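Survey of secondary and tertiary structure
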Amino acid sequence: MESLKNKLIKFMSGRYGMDQLYYALLFLALGLMVINIKVNTPILMVLSDGLFVLIIFRSFSRNISKRSNENDLFLKIWNPIKKESRIFWRRITEIKVHRYRKCPKCKKTLKLPIKRGKHRVNCPECHENFEVRVII
Ligand SMILES: [Zn+2]
């Protein structure tokens, strides 16, 4: 007699499973469901149900290379957004201690101590010397 766990392992072998796109779609579908509780439109209901069907299809799919390519494409779009939002939140949480400025040459974001007024900064990445102004 096979246990339920072994049956599940056998069923899932060769199937794609979960990835970052899975969790993003799940989060989006649940978000749409929660919004639909207040708004109650059939469009949102169909959209969230369609997302759930897509999530189930992707995780049980045996075409692993295609699902992996979809996830790579998602990460190519998502990672820069994630990076920028992290910098944004750091700017807000460290507003009393640091200022963030972009190097005009290499575009790297530099974390500077608060030093009010105009002063020159040396980029540690490309050694460009440029002027920054901290007003507040
Ligand atoms: Zn630089």
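Residues numbered from 1 in each chain as written. Predicted model: local features only at pLDDT ≥ 70, side-chain atom pairs only at ≥ 80, totals over all residues. Heavy atoms only, no water.

A short note on the UniProt feature "transmembrane region" (unreviewed entry) in the protein chain
- UniProt records the feature "transmembrane region" (unreviewed entry) at residues 21–37, using the numbering of this structure.
- In residues 21–37, helix accounts for 100% and strand for 0%; the two terminal C-alpha atoms are 24 Å from one another. (UniProt positions renumbered as here; feature names shortened; annotations may be inferred. Helix = DSSP H or I, 4+ residues; strand = E, 2+ residues; numbered from the N terminus.)

Re unusual backbone geometry
- Its identity as a non-glycine residue notwithstanding, Lys-107 has a phi of 65°, on the positive side.
- Here Lys-107 lies in the loop between β1 (98–102) and β2 (109–113).
- What makes Lys-107 exposed here is its relative accessible area of 53%.
- Positive phi, close to 60°, is recorded for His-127, a residue that is not glycine.
- Within the fold, His-127 resides in the loop between β3 (117–122) and β4 (129–134).
- Since its relative accessible area comes to 58%, His-127 is described here as exposed. (Buried < 20%, exposed > 50% of the residue type's maximum accessible area, 1.4 Å probe, protein only.)

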